[in-house]
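Working through the structure, step by step
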Amino acid sequence: MPKEKGDMTEYQPLLKDFKDIDRPSRFPNKSLLLAVCAACIGGTFQYGYNVSIINAPTQSVQNFINQTWIYRYDAQITEELLTLLWSTIVSIFTIGGLVGSLVGGTLAMRFGRKGALLLNNTFALLAALMMGISHLTGYYELLVIGRFLSGVNAGVGMCVQPLYLGEIAPRALRGGMSMGTSIFLTGGLLIGQVIGLHELLGKAEHWPILLSTTCIPAVLQLLILPWFPESPRFLLLDRGDEAACTKALKQLHGGDGYRREMEDMEKERISSLGVKAKKPWEVFSDRSIRWQLITVILINSAQQLNGINAIYFYASYIFRQAGIPEDKILYVTVGTGACECLTALTCGMLIDSLGRRALIIGGYTLMAVWCICVTITVTLQELSPWVPYISMACVFAFILSFGLGPGGVTNILTIELFTQATRPAAFMIGGSVNWLSFFFIGMVFPFIVNGLQQYCFLVFLAICSLVVIYIFFIVPETKNKTFLEIQEEFLSRDLIKKRKSEGSNGHGVNLLSMPL
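Treat the numbers as computed from the prediction; the structure is a model and nothing was measured. (Residues numbered from 1 in each chain as written. Predicted model: local features only at pLDDT ≥ 70, side-chain atom pairs only at ≥ 80, totals over all residues. Heavy atoms only, no water.)

Time to look at the packing of aromatic side chains. Any aromatic ring pair is given by two values, namely how distant the centres are and how the planes are angled relative to each other. Under the definition given, this model contains 10 aromatic pairs. Centre to centre, the rings of Y47 and W435 are 5.3 Å apart; their planes meet at 80°, and the pair counts as edge-to-face. Of this pair, Y47 sits in helix α3 (residues 44–53) while W435 sits in helix α21 (residues 423–452), placing them 388 residues apart in sequence. Taken as a pair, Y47 and W435 share a single burial class, namely buried. Centre to centre, the rings of F457 and F460 are 6.2 Å apart; their planes meet at 70°, and the pair counts as edge-to-face. (Phe/Tyr/Trp six-rings, centres within 6.5 Å; stacked < 30°, edge-to-face > 60°. Helix = DSSP H or I, 4+ residues; strand = E, 2+ residues; numbered from the N terminus. Buried < 20%, exposed > 50% of the residue type's maximum accessible area, 1.4 Å probe, protein only.)

Structure, rendered in structure tokens:
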């Protein structure tokens with residue numbers, strides 16, 4: 001007996017090591033974390049940064065356009081034409097974003113995820129050059145070109161960067177690592193707001209420098225990202241390079257952590273033998289991924305149409321009504337950016353424990369509640385001195401709810417609902433819908449506000465409620481599942497519905513009488 005016990009004791013360390021190999025790590029490898037940062041700094045960070053920095057120099061750029069017009073034509077520019085030119089400079093960014101999202105998937109397939117991100121910095125550097133020299137040359141047209149190129153850069157980044165993050169992250173950490181998209185986007189918004197303050201680059205004479213600072217993240221990515229590997233999934237499933245894939249996995253996951261991911265990729269490779277990467281129009285015609293496609297279109301459009309833009313529009317008015325001095329409102333607006341950034345970080349810590357469904361359903365539900373509250377408090381603004389403070393609280397609560405749910409989870413679901421062959425096309429479609437919705441809300445929102453005033457939030461209440469109902473009944477939980485398992489869950493659901501419909505039509509009844 002003692003000998004037997006001794007023998008068991010002797011093998012205990014071996015058994016322990018065997019168990020440890022199969023247990024997924026709860027924390028990312030340092031190399032993986034740095035790879036996420038390297039990808040995001042030139043990806044979605046640029047999107048957030050370029051959206052926010054254009055607000056600070058509004059008056060300065062309009063003065064530059066007016067002075068240039070006087071120099072060229074010896075006459076004052078009309079107010080209508082000045083507004084049109086400024087609106088073009090601002091909104092051309094969304095057109096560039098749409099173009100970038102349409103070519104992003106193609107670039108990701110041709111040059112790889114990492115290669116496409118590096119190539120994308122060309123647009124950012126050219127944009128910085130155009131906007132930086134516009135004042136020196138006296139051509140405001142260069143601002144239009146620069147903003148368009150910034151939009152292309154943001155569109156490609158919004159398409160390719162989530163692809164890269166989703167494919168380098170281990171299954172157990174996929175949610176948290178993919179949240180880098182949202183964290184760096186909101187970080188870009190916040191840093192753009194801070195740099196645009198009068199104390200930094202917000203002075204009238206500094207606007208060319210402010211707009212050209214978009215080159216800094218691009219240079220940082222060009223210096224840092226080459227030290228990290230290409231997406232292992234792209235190397236194995238698209239290029240068929242198993243040796244490069246194994247090397248990349250070892251660098252990103254370290255130790256024995258890569259084996260679990262290699263097994264998942266091998267299963268996906270076997271299931272996709274002979275299947276080529278699909279184009280967007282081929283994805284639309286594939287009925288096996290019909291619900292995944294509808295989901296991506298819905299959540300990407302809802303991300304722009306859920307009222308977050310209306311909240312930011314009304315924020316200044318609400319802050320003014322609360323008694324905040326006009327020259328201090330800008331600093332409170334920076335607080336809203338910090339609030340959104342904080343919730344993105346919180347979402348990143350919770351998403352792999354609570355799951356995707358709980359966060360996105362909870363986020364949209366809370367946003368629907370705050371839509372009602374904002375409508376009531378803005379309507380009753382003059383009723384009592386304390387009502388504006390409740391409105392302020394509702395604004396921050398809405399932003400918190402957005403960051404905790406749709407702001408962070410939307411891109412992750414786009415990654416997880418598709419397999420390797422359809423994922424780039426899905427990102428092209430989702431990104432295009434997102435940018436078109438962004439452009440649509442920018443064009444239509446002023447008319448909605450003029451027509452409905454504060455009751456416009458009831459429209460957003462309806463949108464948030466519909467998204468909650470759809471996700472609750474259609475979208476399964478994807479936490480800690482392989483891409484194949486998620487696809488099989490959708491396919492099995494369609495198969496069950498098909499069998500039920502056949503049974504109700506009198507087909508397949510004989511299955512009940514089959515011997516066991």
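In this section: the side chain of T186. Summarising the element assignment, T186 is placed in helix α8 (residues 180–195). Within the local environment of T186, its side chain forms a polar contact with the backbone oxygen of S182, the two atoms lying 3.0 Å apart. Those residues in contact with T186, other than ones at most four positions away along the chain, are E340, C341 and A344. (Polar contact = N/O pair within 3.5 Å; in protein donor to acceptor, adjacent residues only side chain to side chain. Contact = heavy atoms within 4.5 Å.)

Packing of helix α2 (residues 30–41) against α8 leaves a shortest axis separation of 10 Å and a crossing angle of 50°. Relative to α8, α2 is oriented oblique. Crossing geometry of α2 relative to α8 is assigned as right-handed. Judged by residue contacts, V36, C37, C40 and I41 of α2 engage G180, T181 and F184 from α8. Split by residue class, the contact of α2 with α8 holds five nonpolar, two polar and no charged. (Axes fitted to C-alpha atoms, helices over the stretch in contact; angles between N-to-C directions. Parallel < 35°, antiparallel > 145°, perpendicular 65-115°, else oblique. Left-handed = near helix turned anticlockwise from the far one by under 90°. Nonpolar A, V, L, I, M, F, W, Y, C, P; charged D, E, K, R; others polar.)

Before going further, it helps to examine the environment of L342. Mapped onto the fold, L342 is located in helix α17 (residues 329–354). On the accessibility criterion, L342 (54% relative accessible area) is exposed. C-alpha separation for the pair L342 and G403, spaced 61 residues apart in sequence, amounts to 8.2 Å.

It is worth spelling out the environment of R493 at this point. Within the secondary structure, R493 sits in helix α23 (residues 483–504). The spacing of R493 and I474 is 19 residues in sequence and 9.6 Å in space, taken between C-alpha atoms. Residue contacts for R493: discarding those within four places in its chain leaves F473, I474, V475 and P476.

To continue, consider the packing of helix α18 (residues 356–379) against helix α19 (residues 387–404). Running from N to C, α18 and α19 cross one another at 160°; their axes reach a closest spacing of 8 Å. The angle between α18 and α19 places the two elements in the roughly antiparallel class. Crossing of α18 against α19: the hand is left-handed. For the pair α18 and α19, the contacting residues are L359, G363, L366, M367, W370, C371, C373, V374, T377 and V378 in the first and V387, I390, S391, C394, A397, F398, S401, F402 and L404 in the second. In terms of residue class, the contact of α18 with α19 is made up of 15 nonpolar, four polar and no charged.

As for its placement among the helices and strands, V156 is situated in helix α6 (residues 141–168). Assessed through its relative accessible area of 0%, V156 is described here as buried. As a C-alpha pair, V156 and N120 span 36 residues in sequence and 6.8 Å in three-dimensional space. Apart from residues no more than four positions distant in its own chain, V156 is found in contact with G100, S101, V103, G104, L107, N120 and Q161.

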